[in-house]
Amino acid sequence: MSRLSLLRPSRGAAVTAVLVTAGVLSVGIVSTAGKSPNPRLSDNIQSGGALASVERFTHRKLGEAKTSYLTMGRNRAFYAVDAPELTAVVDAFDGQVVSVVFATSGTAKPVSFDPTAVSARVLKDYGLSMPGATPVVTTADHGAVKYVDVTWQKMKGKVKLPATLVVELDAATGKLVRLGNDVLPYADPPYLAVTQAQAEQAAKAASGLANPTVESAEALVTFDATGAQQLVWRLGVFDASAPASAQVEVDGVTGEAVVVGRG
């Protein structure tokens, strides 16, 4: 069974799809738009540094690991580290281990456990914390295997900040499946002057869809193609009569709307 996640799509960014299938991770560019002066695209750590980062982070020696450069989008670049016991994604700029998927087996017996308590212990074991963030527990059904995700998301009011920790556990056994550690440096965002209602109206108008309906909306701090910080509303707009969809970002200060993806 496959699990698909996105590594921070931003305005004008290449969208990097990370597909995990039976513990194997592959990465590909969904869309791209050329070179960028963004300093985060600098390959500072090289493949050996990526492997060393994963070994330090997981406290494991990975003797049979293979390291490969994933992609260079307009916003971030990554390395994949593949080993029999895990697969990891490492930021090529600073060596931060963004995600680790651990190999699991079906031999463990089902147990009762508290997802929040187990996840808190996992974060402590890996030296991670996010003061002030409230853990949110969600479940996901991937056919034969079910997972529990515990997410710590840093917020400022309604605004989602670029700081997220995720602990994914096997819902039956409580075993650690995936650890997400996606935290970027950021400045305190400005006042969110555009309301959600205003953002929805701007997004529907910009979408170009005949009968637009807003399906999702979130305010967040993101980064443009040069690495400059932005405060935006990100909205998913859908037209059931087409069917067609658009992802629109609305500037949280000026109200400018830009279509960043279509489906």
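Everything below is about the structure shown above.
Counting starts from 1 at the beginning of each chain's written sequence and moves along it residue by residue. Whole-chain, interface and lining totals are the exception, using all residues; otherwise, since this is a predicted model, local features are given only for residues with pLDDT of at least 70 and side-chain atom pairs are given and counted only at 80 or more. The side-chain figures draw on all heavy atoms in the structure; neither hydrogens nor water molecules are used.

(A) Local environment of unusual backbone geometry. With an omega of -15 degrees, the peptide bond between Ala-242 and Pro-243 qualifies as cis. Summarising the element assignment, Pro-243 is placed in the loop between β13 (229-239) and β14 (244-251). The backbone phi angle of His-59 is positive, close to 60 degrees, even though this residue is not glycine. Per the convention used, a helix needs a DSSP run of H or I reaching at least four residues, while a strand needs a run of E reaching at least two, with both numbered from the N terminus. Mapping His-59 onto the fold places it in the loop between α1 (46-58) and β4 (66-72).

(B) Structural detail: the pairing of strand β11 (residues 176-183). β11 sits mainly inside the fold: seven of its eight residues count as buried. Strands are treated as partners if at least two bridges between them are detected by DSSP. Here strand β7 (residues 97-102) runs beside β11; their pairing, made up of three bridges, is antiparallel. The residue of β11 that forms the bridge with Val-100 is Leu-179. As judged from the seven bridges shared by strand β10 (residues 159-170) and β11, these two strands associate in the antiparallel manner. Bridging from a neighbouring strand, Leu-165 pairs with Asn-181 of β11. Where β10 folds back on β11, the antiparallel hairpin that results is connected by five residues, among which Gly-174 adopts a positive phi of roughly 75 degrees. A simple rule labels every residue: compare its accessible area, found with a 1.4 Å probe on the protein chains alone, to the largest value its type can have, and call it buried under 20%, exposed over 50%, or partly exposed in between.

(C) Representation of helix α3 (residues 196-207) within the structure. Under the convention used throughout, the expected extent of a helix is 1.5 Å for every residue step, that is, one less than its residue count. The terminal C-alpha atoms of α3, which comprises 12 residues, lie 16 Å apart, in line with the 16 Å expected from a rise of 1.5 Å per residue. Taken as a whole, α3 has its buried residues at Ala-199, Ala-203 and Ser-207. Axial view of α3: buried residues confined to an arc of 65 degrees, hence all on one face. Opposite the buried face of α3, by more than 90 degrees, sit the exposed residues Ala-197, Gln-201 and Ala-205. Positive phi appears at Gly-208, one or two residues downstream of α3, with a value of about 75 degrees. Along the arc lie the directions from the helix axis toward the C-beta atoms.

(D) Local environment of the nonpolar core. In this description, a nonpolar core means a group of buried Ala, Val, Leu, Ile, Met, Phe, Trp, Tyr and Cys residues linked to one another through side-chain atoms lying within 4.5 Å. Val-54, Val-90, Tyr-126, Trp-152, Val-167 and Leu-179 are the most contacted members of the largest nonpolar core, which has 33 residues in total. Broken down by secondary-structure element, the contributors of at least two residues to this core are α1, β5 (77-83), β6 (86-91), β7, α2 (115-125), β9 (145-156), β10 and β11. Working rule for contacts: check all heavy atoms of both residues, and any pair within 4.5 Å makes them a contact. Discounting residues that sit within four places of it in the chain, Val-90 has contacts with Ile-45, Ala-50, Ser-53, Val-54, Ala-77, Phe-78, Tyr-79, Val-81, Gly-95, Gln-96, Val-97 and Val-98. Counting residues in hydrophobic clusters, the runner-up holds 17 residues, among them Leu-161, Ala-203, Ala-244 and Val-248.

(E) Here's a closer look at the pairing of β7. Judged by how many residues are buried, β7 sits mostly within the fold: six of six residues are covered. Across five bridges, the pairing between β6 and β7 is antiparallel. Looking across to β7, one finds that Ala-88 is bridged to Val-100. Taken together, β6 and the strand that follows it, β7, pair antiparallel across an intervening segment of five residues, in which Gly-95 is found at a positive phi of about 80 degrees.

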